[in-house]
Amino acid sequence: MSTEDHPAPRSLAEALRGRDDSSLAALLRSRPDLVTPVPGDLTQLATRAGTRASVVRALERLDRFALQTAEALAVAADPSSYDELLGLMAGDARDPEVSAALPAALAALREQALVWGADDRLRLVRTARELLAPSPQHPSPTGLGPSVREATAGMSPGRIQEIVATAGLPSTHDSVSAVDALTALFTHRRKMKALLAKAPAESLEVLERLVWGPPYGQVTHDPAPRLRWLLDRALLLPTAPGTVVLPREVALHLRAGRAHRAPEPLPPAVEPVAAHRPQVVDSTAAGQAYTALATVEELLKDWDEGGPAVLRAGGLSVRDLKRTAVALDVPEPVAAFWVELAYAAGLIASDGEADERYAATPAYDEWLERPAAERWAGLAQAWLAATRTSGVVGGRDAKERALSALGPGLDRSAAPEVRHRVLSLLAALPEGAAPDPQAVLARLRWERPLRGPQSSTTEDDLRSRLARWTLTEAELLGVTGRGALSAQGRALIGGSPAAPGRHPEPEGPGDKLPVHHHRTAAPLAPLSPPEQAVATAAAGRLLAPLLPEPLDHVLLQADLTAVAPGPLRRPLAEVLGVLADVESKGGATVYRFTPGSVRRALDAGRSASDLHAFLAQHARTPVPQPLAYLIDDVARRHGQLRVGAASAYVRCDDDTVLNEILADKRAGALRLRRLAPTVLAAQADPATLLEGLRAMGYAPAAESAEGDVLITRAHAHRTPPRTAPEPVPDGPPVPDATLLTAAVRAIRAGDLASTAPRKPADTATALAPGELPRTSSAETLATMQAAVLTGEALWIGYVNAEGSASQRVIAPVRVEGGFVTAYDHTADEVRTYPLHRITGVAELADD
């Protein structure tokens, strides 16, 4: 089609007006901040798309090559042509990879409304040009300096004429033409080659040091000959006293036309470095998933009667985190991860009491009743969506305050997106393949580079740290096994298992896979909440058959230990946990019976006969005699001494036992005295007296005021009902299809109203662009009534009940009772408007 049919747009708003609905929807999807709230028309949309905050956010979401393309446009002419942009990106040699990738990068910039215009008049949005163009305060990532015109803006006309003459150019009558002549010289490849051929070697060395940036250098009042030669020919231009700069055109000639030293048109490939059989990966991940469940249960069991105190500023103290790490037998960063995971899953929270402590929530009891695979799926889903990041625990916030586990300041809104992207990269590899973590980090840095001169070399940016933590946490949680994505991990992010035979089976776990390039694989998109629920359930179903079945028996040994060769059923594990102490964990758990552990079971209300029956029922081996003797011996002595509340007292039917206690030096701290042959009084409270006597080797029992033995059962402390912490979103949410359709329709309708041709008005009543029409109430009513008779459409200004003003095109049908009923062309439906909310009315042109 001819350009007469489709004239070149003169603004971003006109360029957006030429887009179809699907293109506008793609823009709003890629930049969701533009749709909150919905713009009134395309002019408002273009204005919002050019604001600094929105442009910065859009630039931060570009991949490295698209960002390099935008940076090249920022140093090109405005407007620029596609051929000029291609030269800046691909150089004089026209790098084929860059040439092939450039159309897609330019299309991405156009889709996000960062670039507009036809290929012969490409324009970078003004705000983006201001952000990316070189300046002394903000150097360009390209390393280029100002153009000749920018660098000579404050130079005297006489000095400019001297430079022109030294460069061998004819003198001109004005500075503008002189600068144009210099620019023409520096952009002429053959003439520049001839000029530089005459340069001293020392002068060329200076240019080589400045060519890739930074382009600024220092000179003295009396420059050396090598610098004087460059200054006389404007190959270096003064910008301030003692400072010179390499003009952009000269640098581009020395770079063979390239704006970037190393264009990166293709993302770094994430290649597999080790291969394992998928079955090995899945079983390894399932074993770790079981360990994860056991660790969370152990954590909550440790906090069952009330966990650590809440710091005044919120969170766990360093000492409590260390104590938790010792209890779980893991390093402190790993303990912080498990604590934060349980918090994200809604299993622990603050109890809200005056003496505020952390404790399990009622949801924990419900969680315990679910099958193991469902419990794991709940943890995995909470981890995938959580913005709280345990990796920053121990660091400092912007105000140099320490960041503590469960405390404030741990949210990192980019965490869910990074986790999903890392797992997506693993899912793109063959099943059982584990990548090099550094390759994953390099890929993420390409996809979301940091803007700035050090963007390509920054190793410790937030996204890289989040990615490293993701790889570690996925292994701890059982989402990956041996560095490769498991079947349940693939299902968790909405992927599907690979078809059998897709890749050759490696012979061993350390075999190398053949090189595969996954540069064009489409990334898995984040799932909506309903889709994620389905994917999580599928992951749980894949994990279920891989988890070991709980056992109902243990193996008793003569050394007062019991071996659980696998996970135990919950009732058995709970009773055994009271009757014995855990000595070691692993594939098999070893429990040890001690006098203290047996006394703990008796204190919980179990009798000796109950314990003998329990062991006989659940032991695959006969109950060893030493264990039977231990139970009977502790039971015989249990309750022989009775401790009650007077202040506290001890009574015993055997006065010789009381004599032994009085004679024991260790009882001195209890300050005992005899009240009767069978009763001792103490100046300590009952709990202290109980602990003191037990430390001396006795087995006292507490009694009530009526003389009955008190059974001390573990008291499970629970918080009131609590909801899991809500993730902190990374900006506005991506609008769904329904919202996009409605937003595009509303924008089109508003644009129709604002651009509808109106009858010419006289100078006194002419309106500025975007201004609402203003007419008196009588004139508005008369015009409406006339339009009802003629059937003509009108342009009105309308202010709704919330005070929002808009422009509309309506065809009045009826006017009565202070209301006008009309067909609203902007909404494509019949509506009724109060006349008092109509600011004014104007007739449309006949066309």
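Procedures and definitions
- Residues numbered from 1 in each chain as written.
- Predicted model: local features only at pLDDT ≥ 70, side-chain atom pairs only at ≥ 80, totals over all residues.
- Heavy atoms only, no water.
- Helix = DSSP H or I, 4+ residues; strand = E, 2+ residues; numbered from the N terminus.
- Buried < 20%, exposed > 50% of the residue type's maximum accessible area, 1.4 Å probe, protein only.
- Contact = heavy atoms within 4.5 Å.
- Areas by Shrake-Rupley, 256 points an atom, 1.4 Å probe, with all protein chains shown as cover.
- Expected span 1.5 Å × (residues − 1).
- Pairing = 2+ DSSP bridges.
- Axes fitted to C-alpha atoms, helices over the stretch in contact; angles between N-to-C directions.
- 1 Å grid on protein atoms, 1.4 Å probe; cavity = no way out; pocket = protein on both sides within 12 Å on 5 of 7 lines; lining within 4 Å.
- Points joined across faces, edges and corners; volume = space filled by probe spheres on them.
- Nonpolar A, V, L, I, M, F, W, Y, C, P; charged D, E, K, R; others polar.
- Parallel < 35°, antiparallel > 145°, perpendicular 65-115°, else oblique.
- Phe/Tyr/Trp six-rings, centres within 6.5 Å; stacked < 30°, edge-to-face > 60°.
- Lys NZ or Arg CZ within 6 Å of the ring centre and 35° of its normal.
- Polar contact = N/O pair within 3.5 Å; in protein donor to acceptor, adjacent residues only side chain to side chain.
- Left-handed = near helix turned anticlockwise from the far one by under 90°.
- Patch = residues over 30% accessible without salt bridge, like charges linked within 9 Å, V, L, I, M, F, W, Y side chains within 5 Å.
- Salt bridge = Lys/Arg side-chain N within 4 Å of Asp/Glu carboxyl O.
- Lys, Arg positive; Asp, Glu negative; His and termini not counted.
- Charge placed at Lys NZ, Arg CZ, Asp CG, Glu CD.
- pLDDT = per-residue confidence, 0-100.
- Arc of directions from axis to C-beta.
- Core = buried A, V, L, I, M, F, W, Y, C linked by side-chain atoms within 4.5 Å.

(A) Structural detail: the overall build of the protein chain. A tally of helices and strands in the protein chain yields 33 helices and 25 strands. Counting across all 847 residues of the protein chain, residues that qualify as buried make up 47%. Relative to all contacts within the protein chain whose residues are 6 or more apart in sequence, the contacts with residues 24 or more apart total 67%. Of the roughly 41,300 Å² of accessible surface on the protein chain, a fraction of 55% belongs to carbon and sulfur atoms.

(B) Helix 20 (residues 372–385), seen in detail. Relative to the 20 Å expected for 14 residues at 1.5 Å per residue, helix 20 spans 20 Å between its end C-alpha atoms, a close match to the ideal helical length. Looking only at helix 20, the buried set comprises Ala373, Arg375, Trp376, Ala377, Leu379, Ala380, Ala382, Trp383 and Leu384.

(C) Representation of the sheet that holds strand 25 (residues 838–843) within the structure. Ordered in space as 24-23-22-21-25, the five strands form an open sheet in which the pairing is antiparallel. Whereas interior strands pair on both sides, the edge strands pair on one side only; in this sheet they are strand 24 (829–834) and strand 25. Taken pair by pair, the neighbouring strands of this sheet meet at an average axis angle of 45 degrees, ignoring direction. In this sheet, strand 23 (residues 819–824) lies alongside strand 22 (residues 805–816) in antiparallel orientation, the contact comprising six bridges. Paired with proline 812 across the two strands is alanine 822, which belongs to strand 23.

(D) Up close: the environment of leucine 12. For leucine 12, the position within the fold is in helix 1 (residues 12–17). Sequence separation of leucine 12 and valine 125 is 113 residues, and the distance between their C-alpha atoms is 7.9 Å. Residue contacts for leucine 12: discarding those within four places in its chain leaves Ala46, Ala49, Ala113, Trp116 and Val125.

(E) Up close: the side chain of serine 464. Its place among the elements puts serine 464 in helix 23 (residues 462–477). Owing to a relative accessible area of 3%, serine 464 belongs among the buried residues under this scheme.

(F) Molecular detail of empty space enclosed by the protein. Under the definition given, this model contains four cavities of 30 Å³ or more. Empty space within the largest cavity amounts to approximately 110 Å³. Taken together, Phe337, Glu340, Leu341, Ala344, Ala382, Trp383, Ala386, Arg388, Thr389, Ser390, Arg419 and Glu473 make up the lining of the largest cavity. Of all the secondary structure elements, the ones that give two or more residues to the lining of the largest cavity are helix 18 (332–344) and helix 20. In terms of residue count, helix 18 provides more of the lining of the largest cavity than any other element does, four residues in total. Of the residues in the lining of the largest cavity, the class split is six nonpolar, two polar and four charged.

(G) Summary view of the packing of helix 16 (residues 278–302) against helix 20. At a minimum axis separation of 10 Å, helix 16 and helix 20 run at an interaxial angle of 80 degrees. One finds that helix 16 runs roughly perpendicular with respect to helix 20. When helix 16 is examined against helix 20, the residues Ala289, Leu293, Val296 and Glu297 are found in contact with a partner set consisting of Ala372, Arg375, Trp376 and Leu379. Its residues assigned to classes, the contact of helix 16 with helix 20 comprises six nonpolar, no polar and two charged.

(H) Molecular detail of the packing of aromatic side chains. The final tally for this structure, using the stated rule, is four aromatic pairs. The ring of tryptophan 367 carries the charged tip of arginine 375 above its face, separated from the ring centre by 5.4 Å.

(I) Examining the side chain of aspartate 603 more closely. Tracing the backbone shows aspartate 603 in helix 27 (residues 595–603). Residue aspartate 603 is classed as buried on the basis of its relative accessible area of 11%. Among the polar contacts made by the side chain of aspartate 603, one reaches the side chain of arginine 694 at a distance of 3.0 Å.

(J) Here's a closer look at the packing of helix 26 (residues 570–579) against helix 28 (residues 608–618). Taken N-terminus to C-terminus, the directions of helix 26 and helix 28 make an angle of 130 degrees; their axes are 12 Å apart at the nearest point. Taken together, the axes of helix 26 and helix 28 are oblique relative to one another. Judged by the twist between their axes, the crossing of helix 26 over helix 28 is left-handed. Seen from helix 26, the contacting residues are Leu572, Val575, Leu576 and Leu579; seen from helix 28, they are Leu611, Phe614, Leu615 and His618.

(K) Highlighting the sheet that holds strand 15 (residues 589–592). Ordered in space as 12-13-15-14, the four strands form an open sheet in which the pairing is antiparallel. The open sheet terminates on both sides in strands that have one partner only, identified here as strand 12 (555–557) and strand 14 (581–584). Shown here is a sheet whose adjacent strand axes are inclined to one another by a mean of 30 degrees, direction ignored. Sheet analysis places strand 13 (residues 561–564) next to strand 15, joined by four bridges and oriented antiparallel. Looking across to strand 15, one finds that alanine 564 is bridged to threonine 589.

(L) Inspection of a negative patch on the surface at higher detail. Negative charge collects at one region of the surface, where Asp653, Asp654, Asp655 and Glu660 lie side by side. Here glutamate 660 shows up in helix 30 (residues 655–663). Exposure remark for glutamate 660: the relative accessible area of 47% places this residue in the partly exposed category.

(M) Geometry of the confidence of the model for the protein chain. Summing up the model confidence of the protein chain, the mean pLDDT is 84 and the portion of residues at 70 or higher is 89%. Here residues 453–459 is modelled with pLDDT under 50, and outside its nearest four sequence neighbours on either side it reaches nine contacts, counting other chains as well. Across residues 498–521 the pLDDT falls below 50, and counting only partners more than four positions away or on other chains, this stretch makes 41 contacts in the model.

(N) Spotlight on helix 17 (residues 318–328). Along helix 17, the residues classified as buried are Asp320, Leu321, Thr324, Ala325 and Leu328. Down the axis of helix 17, the buried side of the element spans an arc of 140 degrees, and every buried residue falls inside it. Set apart from the buried face of helix 17 by more than 90 degrees, the exposed residues are Val318, Arg319 and Val326. Tucked inside the fold, the buried residues of helix 17 contact helix 16 and helix 18. Note on helix 17: the residue one or two positions beyond its end, aspartate 329, has a positive phi of about 60 degrees.

(O) Here's a closer look at the environment of alanine 93. Within the element layout of this structure, alanine 93 appears in the loop between helix 6 (82–90) and helix 7 (96–111). For alanine 93, a relative accessible area of 72% corresponds to the exposed category. For the pair alanine 93 and alanine 256, spaced 163 residues apart in the sequence, the C-alpha separation amounts to 7.8 Å.

(P) Structural view of the pattern of salt bridges. This structure, assessed with the given rule, holds 30 salt bridges. Here aspartate 21 makes a salt bridge to arginine 748, at a shortest N to O gap of 2.8 Å. In this pair, aspartate 21 sits in helix 2 (residues 21–30) while arginine 748 sits in helix 32 (residues 737–755), placing the two residues 727 residues apart along the sequence. Among the residues examined, arginine 748 registers a relative accessible area of 24% and is labelled partly exposed.

(Q) View of the nonpolar core. Counting 92 residues, the largest nonpolar core has Leu28, Leu45, Leu182, Phe186, Leu235 and Leu236 as the members making the most contacts within it. If one sorts the elements of this core by residue count, helix 5 (residues 64–74) sits on top with seven residues. Setting aside anything within four residues of it in sequence, one finds leucine 45 in contact with Leu16, Leu24, Leu27, Leu28, Leu34, Pro39 and Ile747. If you look at the next biggest cluster of nonpolar residues, it comprises 51 residues, including Leu293, Val310, Leu379 and Leu406.

(R) Highlighting the environment of glycine 145. Tracing the backbone through its elements, the reader meets glycine 145 in the loop between helix 8 (126–132) and helix 9 (148–151). What makes glycine 145 buried here is its relative accessible area of 1%. Expressed as a C-alpha distance, the spacing of glycine 145 and glycine 213, which sit 68 residues apart in the sequence, is 8.0 Å. With residues up to four places along the chain from it excluded, the contact list for glycine 145 reads Pro134, Pro215, Val245, Leu246 and Arg248.

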